[in-house]
Amino acid sequence: MTVLRKNVSKKDSWNVEALYPNFKAWEADLKKTVKAKAAPFFKEILNFKGKLQKSSKQLAELLELYFQTERKLRKLYTYAKLRHDEDLTEETARKAADTITTIYHLFSQETSWIEPEILAIDSQTLKKFIKDKHLAGYSFFLESLSRLRPHTLDAEKEFLIALADQALQSPHKAFSAISDADFKFGHVVDSKGVKKELTHGTYGVYLRDQDRTLRKNAFTQLLNKYGSYENSLTELLQGQVQKHNFHARAKKYATCLDAALFPKNIDTTVYKALIKAVRENIFALHKYMKLRKKVLGLKELHLYDTYVPIVDSYDRKFTYEEAEELVINSTKPLGDDYQKILKNGLKTDRWVDRYENVNKRSGAYSSGCFDSSPYILMNFKGILRDVFTLAHEAGHSMHSFFSRTNQPYHYSDYTIFVAEVASTFNEELLMQDLIKNAKNDKQKAFLINEKLEDMRATLFRQTMFAEFELFLHTAIEKHIPITPQLLKEEYMKLNRFYFGSDVIIDPEIAFEWSRIPHFYYGFYVYQYATGISAAAALHEKVTTGGKKERDSYINFLKSGSSDYPIKLLQKAGVDMRTTEPVERAIGKFSKLTDELQKLLTKK
Ligand SMILES: [Zn+2]
């Protein structure tokens, strides 16, 4: 039975009291940070408006004040959010979280003039400022901001774009409304004729079910529902891509891809290298599909047979303490320092809120701020997946810990492009340990298959999505009308290529694009594939290399956002502008497939 929050022992909960002893202290700090009762709330910052071009000293003072204020707000936010997640129905925490979220929005609004005003400083003056001693600590920040100058318009035009952006949210919102709220998928029957409810949540479960009739019915029924709305769904996606195109053209970017990648200084070669490497090595996925078909003993392998596990599950359960030990031990290749900090964080400093309690937020995350521990929320139940979740979140938390203790506040957060590297790296470490220590071939085969499925979903599938996304945007840029027919043909073509000749490409898959919410984000998914590839390549380097490789990786963890993401990874030892890291990752996938084949055909 799940316990009430008030009965959770201190040992099992995070040390959130290190931030504030209680909400009274939080309230007092809030009053100290936000003194005004009405707008402007951050008058001291507003006092700098119109003065930034005057001297480097003024600009330095403003930046100092801005980041110090943001830092304090983040501390207030972290405490309220964590306390809120402990028990989502607890009133005080909910109100505090609402209050600080509103204040944070007001802060963003009241300070939105800062970047445009910095960019309005003429470039010669700004260049001189950047070299000045007052701004030494902000030189990278200012340089990366200056890169946006050619794509920043005058205030009036920027205002118009912001206005348009608000109106152009409709395609994405309408898609979510249809897909998540309006659509009902009814019931499907399994091989025994039992009726089962089909929802987004059960769809994934049914596709992994051993009952083939259930898998087939779920697959067909869900995709056909989307298919019956193909005209509307095509228009919505087209509308979203038109929005990206409007943005790119208004902001003077050559293409939508440039508009998405340039602000983070990620070269489009990174995107293209990913697609190229996966295409050239797609036989690795085909080989895995062939093995799947053989192991399942099917005459025809359909798309609805590609998710069901091919190895019996690992029935072992773990206590939280065992999981903790496994995760800490697995990080041995990262050195004594790393292990000591992690051990202390997990065991003594109470970074983790371990178990489920009544009304606690579900799932898992790593969070916190510059002035707190890198907290981890979990709902640990003892299955193998939970052990991997702890390894994953601990990877994030150690990255945060190192960056926060080695960088000033304004460089202490890492960017999305590198965010999943440290977490995936630690999952790799754990997997390697578990495979090494597996008790028998069955356990080993199960672990390898888990890893293969993970790589298939993250590396191959997301790259296929990335290709489709690029196709869509290129079509709009070339004024090719997007029709349901065009989308279906392209999506079928991609599926045929990715799955290979051993898989029957069922016609319903032609509608699958219409249920993927990520296509509304605009060139986001490729980062899943590059992240897992970078992590795999770095893992290989560190575990087969020496002190130099390890130090480079630890330095990467310490670097926060003090440089461009591609440069940080380059210093760590991988160059994402080349096809090499992705090729290495696929090489690993291929080797694991061979190993699994050997294990499963041994008998
Ligand atoms: Zn993560």
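Small disclaimer: the values here were computed from a predicted structure and weren't measured.

## Overview of the coordination of the zinc ion
Those protein atoms acting as donors to the zinc ion are His392 (NE2), His396 (NE2), Glu420 (OE) and Glu420 (OE), and they sit at 2.1 to 2.6 Å. Every donor counted, the four donor atoms about the zinc ion form angles of 52 to 140 degrees at the centre, which fits irregular coordination. In the primary structure, the donors to the zinc ion are separated according to the pattern H-x3-H-x23-E. On the criterion of helical spacing, the pair formed by His392 and His396 is a turn pair, its members being four residues apart in helix 18 (residues 384-406). Of the two residues, His392 and His396, both sit in the buried class.

## Remarks on the packing of aromatic side chains
What the rule picks out here adds up to 41 aromatic pairs. Consider the rings of Tyr104 and Phe107, whose centres lie 6.2 Å apart with planes at 55 degrees: the pair is tilted. Residue Tyr104 and its partner Phe107 are both found in helix 4 (residues 91-110); the two are separated by three residues, about one turn of the helix. Within the aromatic cluster, the residues linked to one another by ring pairs are Phe42, Tyr66, Phe67, Tyr104, Phe107, Tyr138, Phe141, Phe370 and Tyr409. Here the guanidinium or amino end of Lys75 rests over the ring plane of Tyr20, the centre of that ring lying 4.9 Å away.

## Section: the layout of surface pockets
Here the second largest pocket defines a volume of roughly 1,400 Å³. Surrounding the second largest pocket, 49 residues form its lining, Glu453, Asp454, Ala457, Thr458 and Gln462 being those nearest its centre. Among the secondary structure elements, those contributing two or more residues to the lining of the second largest pocket are helix 10 (200-207), helix 11 (212-227), helix 18, helix 19 (416-436), helix 20 (441-477), helix 21 (484-499) and helix 22 (526-544). A per-element tally of the lining of the second largest pocket places helix 20 first, with 14 residues. Per-class residue counts for the lining of the second largest pocket are 24 nonpolar, twelve polar and 13 charged.

## Overview of the environment of Lys360
Inspection of the secondary structure puts Lys360 in the loop between strand 4 (352-353) and strand 5 (365-366). Separated by 19 residues in the primary sequence, Lys360 and Asn379 place their C-alpha atoms 8.6 Å from one another. Dropping the residues within four chain positions of it, Lys360 is found in contact with Arg5, Asp85, Glu86, Leu88, Asp353, Arg354, Tyr355, Leu377, Met378 and Asn379. A polar contact is formed between the side chain of Lys360 and the backbone oxygen of Tyr355, at a distance of 2.7 Å.

## Some points on the pattern of salt bridges
Side chains that differ in sign of charge can pair as their charged atoms come close. The full count for this structure, using the stated rule, is 45 salt bridges. Here Glu86 makes a salt bridge to Arg5, at a shortest N to O gap of 3.4 Å. Highlighted residues: Glu86 in helix 3 (residues 56-86) and Arg5 in the segment before helix 1 (23-33), separated in sequence by 81 residues. Its relative accessible area of 14% is what places Arg5 among the buried residues. A salt bridge links Glu86 to Arg83; the nearest nitrogen and oxygen atoms lie 3.0 Å apart. Of the two residues, Glu86 and Arg83 are both situated in helix 3; the distance of three residues between them amounts to about one turn of the helix.

## A few points about the packing of helix 20 against helix 25 (residues 580-601)
Each packed pair of helices is defined by two parameters, the angle between the axes and the distance between the axes. Where helix 20 meets helix 25, the axes come as close as 9 Å, and the angle between the chain directions of the two elements is 150 degrees. The hand of the helix 20/helix 25 crossing is left-handed. On the side of helix 20, the interface is formed by Asp441, Lys444, Ala445, Ile448, Asn449, Lys451, Leu452, Met455, Arg456, Leu459 and Phe460, while helix 25 contributes Val582, Ala585, Ile586, Phe589, Leu592, Thr593, Glu595, Leu596, Leu599 and Leu600. The residue makeup of the contact of helix 20 with helix 25, split by class, is 14 nonpolar, two polar and five charged.

## Points about empty space enclosed by the protein
One pass over the full model with this rule turns up one cavity of 30 Å³ or more. Roughly 40 Å³ of volume is contained in the largest cavity. In terms of residue class, the lining of the largest cavity is built from seven nonpolar, one polar and no charged.

## Thoughts on the nonpolar core
Judged by nonpolar contacts, the single largest core of 141 residues is most densely connected at Leu569 and Leu596. Looking at this core element by element, the count peaks at 16 residues for helix 20. Residue contacts for Leu596: discarding those within four places in its chain leaves Tyr288, Leu291, Ile310, Val311, Ala445, Ile448, Asn449 and Leu452. Core analysis: the second largest hydrophobic core is formed by 49 residues, Leu63, Ile118, Ile121 and Tyr409 among them.

Reading the values: rules and limits
- Counting of residues starts from 1 at the beginning of each chain's written sequence and follows it residue by residue.
- In keeping with the predicted nature of the model, local features appear solely for residues at pLDDT of at least 70, side-chain atom pairs appear and are counted solely at 80 or more, and the whole-chain, interface and lining totals rest on all residues.
- Values shown for side chains rest on all heavy atoms present in the structure; no hydrogens or waters enter the calculation.
- Shown as donors are all N, O and S atoms within 2.8 Å of a metal ion, widened to 3.2 Å for Na, K and Ca; because water is not in the atom set, sites may appear incomplete.
- Here a site with four donors is tetrahedral if all angles are between 85 and 135 degrees, and a site with four or six donors is square planar or octahedral if opposite donors are over 155 degrees apart and the other angles are between 65 and 115; anything else gets the irregular label.
- By the criteria applied, helices consist of DSSP H or I runs no shorter than four residues and strands consist of E runs no shorter than two, each listed in order from the N terminus.
- Each residue's exposure class comes from its accessible area (1.4 Å probe, protein chains only) as a fraction of the maximum for that residue type: buried when under 20%, exposed when over 50%, partly exposed otherwise.
- For Phe, Tyr and Trp, where Trp contributes only its six-membered ring, two rings pair if their centres lie within 6.5 Å, and the inter-plane angle classes them as stacked under 30 degrees, edge-to-face over 60, or tilted in between.
- Two conditions define a charge located above a ring, namely a distance within 6 Å from the ring centre to NZ of Lys or CZ of Arg, and an angle within 35 degrees of the ring normal.
- Site definitions follow a grid-based scheme: protein atoms alone, a 1 Å grid, a 1.4 Å probe that fits but cannot get out for cavities, and for pockets an open set with protein on both sides within 12 Å along at least five of seven lines, plus lining residues having an atom within 4 Å of a point.
- Grid points are joined across faces, edges and corners, and a volume is the space filled by probe spheres set on the points.
- Only Asp, Glu, Lys and Arg are considered charged in this grouping, and only Ala, Val, Leu, Ile, Met, Phe, Trp, Tyr, Cys and Pro are considered nonpolar; every other residue, Gly among them, is considered polar.
- Contact between two residues is taken to exist if any of their heavy atoms lie within 4.5 Å; hydrogens are not considered.
- Polar contact is defined as a pair of N or O atoms within 3.5 Å, subject to the rule that within protein one atom must be able to donate a hydrogen and the other to accept it, and that residues adjacent in sequence are counted only when both atoms are side-chain atoms.
- We count a salt bridge whenever a side-chain nitrogen from Lys or Arg sits within 4 Å of a carboxyl oxygen from Asp or Glu.
- Note on geometry: axes are lines fitted to C-alpha atoms, helical ones only across the stretch in contact, with angles between N-to-C directions running from 0 to 180 degrees.
- Crossings are classed by handedness, with left-handed meaning an anticlockwise turn of the near helix from the far one by less than a right angle and right-handed meaning a clockwise turn.
- By nonpolar core we mean a set of buried residues, namely Ala, Val, Leu, Ile, Met, Phe, Trp, Tyr and Cys, connected to one another through side-chain atoms within 4.5 Å.

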